[in-house]
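# Descriptive analysis of the structure
The lines below spell out each chain.
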Amino acid sequence: MTPSTSPAAPHVPDWSIGRYERIAAQLLPAAEVVVESAAPAPGERVVDVGTGTGNAAHLAAARGAVVTGVDPAARLLDVARADAAARGLDVTFAAGEAAALPLPDASADLVLSVFGVIFAPDPAAAAAELARVTSADGRIVLSAWIPGGAVGKVTRIAAEAVRRAFGAPALPPRFTWHDRDALAGMFEPHGFTVTVDEHRISFAGASPRDYLDAEHANHPLSVAAKGALEARGELEPLRERLLAIFEAANEDPDAFRVTSRYAVATARR
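Before going into details, it helps to say that this report is about the structure given with it.

### As for the overall build of the chain
Looking only at helices and strands, one finds nine helices and seven strands in the chain. Relative to the compact-globule value of 18 Å for 269 residues, the chain shows a C-alpha radius of gyration of 18 Å, a close match. Overall, the chain is about 55 × 40 × 35 Å in size when its C-alpha atoms are taken along their principal axes. The buried share among the 269 residues of the chain stands at 53%. Residue pairs at least 24 apart in sequence account for 78% of intrachain contacts in the chain once pairs closer than 6 positions are excluded. Of the accessible surface of the chain, which amounts to about 11,200 Å², a share of 53% is contributed by carbon and sulfur atoms. With 25 positive and 33 negative side-chain charges, the chain shows a spacing of 3 Å between the two charge centroids.

Given below as structure tokens:
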């Protein structure tokens with residue numbers, strides 16, 4: 001399962017479960033695109049919402065920005081702190097949710113979120129909170145998955161299976177964080193103008209099965225759901241169904257590669 005790579009993922013109990021570090025490494029190229037697009041200047045106050053292991057926070061700090069990374073997962077914050085220290089970067093990391101940031105009003109010149117705020121249960125509340133901490137002439141730059149492709153299909157099927165296994169109700173349609181008009185409707189009331197650019201990122205492995213095995217062994221939701229799916233006799237049939245999707249979509253006959261599209265949205269005051 002690869003819920004980190006689609007907006008269709010259900011609620012994840014704890015991103016600290018498993019080894020999210022592996023997923024973060026795959027998403028680093030997107031963090032580089034977001035930070036390059038945002039172009040934080042030396043001395044600018046930057047907040048990275050849903051920082052995880054600190055990809056975007058570290059990149060912004062390396063440019064000389066004054067960075068705070070916020071995430072609800074305590075273990076991932078520890079990983080981010082250790083990585084920053086190893087790189088000689090001065091970054092502050094704090095526990096918090098997108099809809100309840102532990103920061104004063106207008107305390108950020110730039111707010112970043114690389115596939116982070118898109119998982120907020122209440123998108124409007126999260127958008128209002130990002131707007132609250134952004135300065136009067138500040139900007140918000142975030143990334144969001146564009147539906148479609150093999151990874152999106154795999155994620156949707158896996159998410160449905162996990163919800164059934166846990167007896168959870170179907171989720172309402174997720175907010176379309178990739179859509180400019182939807183974002184404008186949410187951010188314009190806070191004084192922002194929104195633009196959106198499309199990008200692509202590839203996910204690769206030695207083979208489709210090798211990639212899927214690694215996701216099942218490491219991704220937080222896969223680890224959390226394994227017992228429930230096994231108890232229902234659904235884990236192996238699900239794995240084979242997902243493997244067939246990856247094999248059909250594989251772009252590299254000698255190994256494994258699939259490509260996903262994502263949007264980088266910029267909201268400026």
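Still more ground to cover, so stick around.
### Quick look at the packing of helix α7 (residues 208-218) against helix α9 (residues 235-249)
Contact geometry for α7 and α9: axes closest at 9 Å, N-to-C directions at 135 degrees. For the element pair α7 / α9, the angle class is oblique. Of the two possible hands of crossing, α7 and α9 adopt the one that is right-handed. Contacts between α7 and α9 involve Pro 208, Arg 209, Tyr 211, Leu 212, Asp 213 and His 216 from the first element and Leu 235, Arg 239, Glu 240, Leu 242, Leu 243, Phe 246 and Glu 247 from the second. Considered class by class, the residues forming the contact of α7 with α9 number seven nonpolar, one polar and five charged.

### Brief notes about the environment of Leu 235
With respect to the helices and strands, the residue Leu 235 is situated in helix α9. Separated by 56 residues in sequence, Leu 235 and Asp 179 have C-alpha atoms that sit 34 Å apart. The residues touching Leu 235, leaving out its near neighbours within four places in the chain, are His 216, Lys 226, Leu 229 and Glu 230.

### A short note on the packing of aromatic side chains
As enumerated under the stated definition, the model contains nine aromatic pairs in all. Centroid distance Phe 115 to Tyr 262: 5.6 Å. Interplanar angle 75 degrees. Geometry classified as edge-to-face. Here Phe 115, found in the loop between β4 (108-114) and α4 (123-133), pairs with Tyr 262, found in strand β7 (residues 256-268); they are 147 residues apart in sequence, far enough to count as distant. Using a relative accessible area of 6% as the deciding quantity, one classes Phe 115 as buried. An angle of 80 degrees between the planes, with centres 5.1 Å apart, marks the rings of Phe 175 and Trp 177 as edge-to-face. Ring-pair connections join several aromatic residues into one group, and the members of that group are Phe 115, Trp 145, Phe 203 and Tyr 262.

### Considerations on the pairing of strand β1 (residues 45-49)
The buried fraction of β1 amounts to four of the five residues, a majority that puts the element mostly inside the structure. The sheet contact formed by β1 and strand β2 (residues 66-71) spans five bridges and is parallel. Looking at the pairing, Val 46 lines up with Val 67 of β2. Read from β1 through helix α2 (residues 55-62) to β2, the crossover connection turns out right-handed. Pairing geometry for β1 and β4, over three bridges, is parallel. Residue Asp 48 lies in a different strand from β4, and its bridge partner there is Leu 112.

### What to know about helix α5 (residues 149-166)
Working note: α-helix, 3.6 residues per turn, so residues spaced by three or four point in the same direction. Spanning 18 residues, α5 covers 26 Å between terminal C-alpha atoms, matching the ideal 26 Å at 1.5 Å per step. Along α5, the positions that sit buried rather than exposed are Ala 150, Val 151, Gly 152, Val 154, Thr 155, Ile 157, Ala 158, Ala 159, Ala 161, Val 162, Arg 163 and Ala 165. Here the buried face of α5 lies against β6 (193-205), α8 (220-231), α9 and β7. Phi turns positive one or two residues past the end of α5, at Gly 167, with a value near 70 degrees.

### Some remarks on the packing of α7 against α8
Viewed as axis vectors pointing N to C, α7 and α8 meet at an angle of 75 degrees, and their least axial separation amounts to 5 Å. Comparing their axes, α8 and α7 come out roughly perpendicular. Along its contact with α7, which presents Glu 215, His 216, Ala 217 and Asn 218, the element α8 presents Pro 220, Ser 222 and Val 223. Each residue belonging to the contact of α7 with α8 can be placed in one class, and the counts come to three nonpolar, three polar and one charged.

Reading the values: rules and limits
- Residues numbered from 1 in each chain as written.
- Predicted model: local features only at pLDDT ≥ 70, side-chain atom pairs only at ≥ 80, totals over all residues.
- Heavy atoms only, no water.
- Helix = DSSP H or I, 4+ residues; strand = E, 2+ residues; numbered from the N terminus.
- Rg over C-alpha atoms; globule rule 2.2 N^0.38 Å.
- Buried < 20%, exposed > 50% of the residue type's maximum accessible area, 1.4 Å probe, protein only.
- Contact = heavy atoms within 4.5 Å.
- Areas by Shrake-Rupley, 256 points an atom, 1.4 Å probe, with all protein chains shown as cover.
- Lys, Arg positive; Asp, Glu negative; His and termini not counted.
- Charge placed at Lys NZ, Arg CZ, Asp CG, Glu CD.
- Axes fitted to C-alpha atoms, helices over the stretch in contact; angles between N-to-C directions.
- Parallel < 35°, antiparallel > 145°, perpendicular 65-115°, else oblique.
- Left-handed = near helix turned anticlockwise from the far one by under 90°.
- Nonpolar A, V, L, I, M, F, W, Y, C, P; charged D, E, K, R; others polar.
- Phe/Tyr/Trp six-rings, centres within 6.5 Å; stacked < 30°, edge-to-face > 60°.
- Pairing = 2+ DSSP bridges.
- Right-handed = clockwise from strand over helix to strand, strands pointing away.
- Expected span 1.5 Å × (residues − 1).

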